[in-house]
Amino acid sequence: MTRIDYRYDECGLDNVILKNLKVLTDDDGEDVITIPNVGLLHHVLMMEIASKESGMQPNELRFVRTEFGLTQAELAALVGRDVQTIGRWERGEHPMDKAAEIVIRAKVLETMESTLKMEDLARRTLASASQPPFLIDACNPAEYKPIHKVAA
């Protein structure tokens, strides 16, 4: 059995790496990449986005909105903005305002039953020049886990 580190771009995020993902082989001997238990994986990604230490990126906002099954208009109503503003945020034309980002993160964390406090959310909405990857341990798809690097 082969395992690889797989860049999971199909989810709409360009910074998700599934570590140790099992590669299957089809009847013709070709390698096949499958992502088992996608619902759990997306749940983990939602938690990673909502709790990350820097501001939400446009593609992360789109990911969260679509995972909630919301249209841009529905998200606009949730955060008290117009639909054009949501579109501009998702295209990266304008930065998301801090208050709206806190509401979105709080909705994710509330839905996922997180214990992260509101004060922590406010500190985590600051814009960042870098977008570190979300490293997800894919060794056991029944228990996807984020891999957090320990500061040296």
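Above this text you will find the structure in question.
Quick notes on the rules
- Residues numbered from 1 in each chain as written.
- Predicted model: local features only at pLDDT ≥ 70, side-chain atom pairs only at ≥ 80, totals over all residues.
- Heavy atoms only, no water.
- Salt bridge = Lys/Arg side-chain N within 4 Å of Asp/Glu carboxyl O.
- Helix = DSSP H or I, 4+ residues; strand = E, 2+ residues; numbered from the N terminus.
- Buried < 20%, exposed > 50% of the residue type's maximum accessible area, 1.4 Å probe, protein only.
- Contact = heavy atoms within 4.5 Å.
- Polar contact = N/O pair within 3.5 Å; in protein donor to acceptor, adjacent residues only side chain to side chain.
- Arc of directions from axis to C-beta.
- 1 Å grid on protein atoms, 1.4 Å probe; cavity = no way out; pocket = protein on both sides within 12 Å on 5 of 7 lines; lining within 4 Å.
- Points joined across faces, edges and corners; volume = space filled by probe spheres on them.
- Nonpolar A, V, L, I, M, F, W, Y, C, P; charged D, E, K, R; others polar.
- Core = buried A, V, L, I, M, F, W, Y, C linked by side-chain atoms within 4.5 Å.

The next point concerns the pattern of salt bridges. Evaluated as defined, the whole model comprises 9 salt bridges. For glutamate 90, the salt bridge is made with arginine 62, and the minimal N-O distance between the two is 3.8 Å. Of the two residues, glutamate 90 is situated in helix α4 (residues 83-91) and arginine 62 in helix α2 (residues 58-67); the sequence distance between them amounts to 28 residues. By relative accessible area, which is 3% here, glutamate 90 ends up buried. Using a relative accessible area of 32% as the deciding quantity, one classes arginine 62 as partly exposed.

Below, the discussion takes up the environment of aspartate 97. Summarising the element assignment, aspartate 97 is placed in the loop between α4 and α5 (98-111). For the pair formed by aspartate 97 and glycine 55, sequence separation is 42 residues and the distance between their alpha carbons is 9.8 Å. For aspartate 97, the contacting residues outside a window of four places in its chain are Arg81 and Trp89. A polar side-chain atom of aspartate 97 sits 2.8 Å from a polar atom in the side chain of arginine 81. Among the polar contacts made by the side chain of aspartate 97, one reaches the main-chain amide nitrogen of alanine 100 at a distance of 2.8 Å.

Next up on the list: helix α3 (residues 72-79). Listed in full, the buried residues belonging to α3 are Leu75, Ala76 and Val79. For α3, the angular spread of buried residues about the axis comes to 105°, placing them on one side. In the core, the buried residues of α3 are packed alongside α2, α4 and α5.

Moving on, we come to unusual backbone geometry. The phi dihedral of asparagine 20 falls on the positive side, at around 60°, and the residue is not glycine. Assignment of secondary structure puts asparagine 20 in strand β2 (residues 16-25). Its identity as a non-glycine residue notwithstanding, asparagine 37 has a phi of 55°, on the positive side. Relative to the elements of secondary structure, asparagine 37 occurs in the loop between β3 (31-32) and α1 (38-51). We classify asparagine 37 as partly exposed; its relative accessible area is 38%.

This brings us to empty space enclosed by the protein. Within the structure shown, the criterion is met by 1 cavity of 30 Å³ or more. Leu61, Val64, Arg65, Phe68, Leu70, Leu75, Leu78, Ile104 and Lys107 are the residues that line the largest cavity. Every element with two or more residues in the lining of the largest cavity is listed here: α2, α3 and α5. Of all the elements, α2 adds the most residues to the lining of the largest cavity, at 3 residues. Tallied by class, the residues present in the lining of the largest cavity amount to 7 nonpolar, no polar and 2 charged.

Looking now at the nonpolar core. The biggest cluster of nonpolar side chains holds 34 residues, and the ones touching the most others in it are Tyr8, Val16, Leu18 and Leu45. For leucine 45, the residues in contact, after removing those within four places along its chain, are Tyr8, Cys11, Val16, Phe63, Phe134 and Ile136.

Bringing the side chain of glutamate 90 into the picture now. Within the structure, the side chain of glutamate 90 is placed 2.4 Å from the side chain of arginine 65, a separation counted as a polar contact. Not counting residues within four places of it along the chain, the set of residues in contact with glutamate 90 comprises Pro58, Leu61, Arg62, Arg65 and Gln72.

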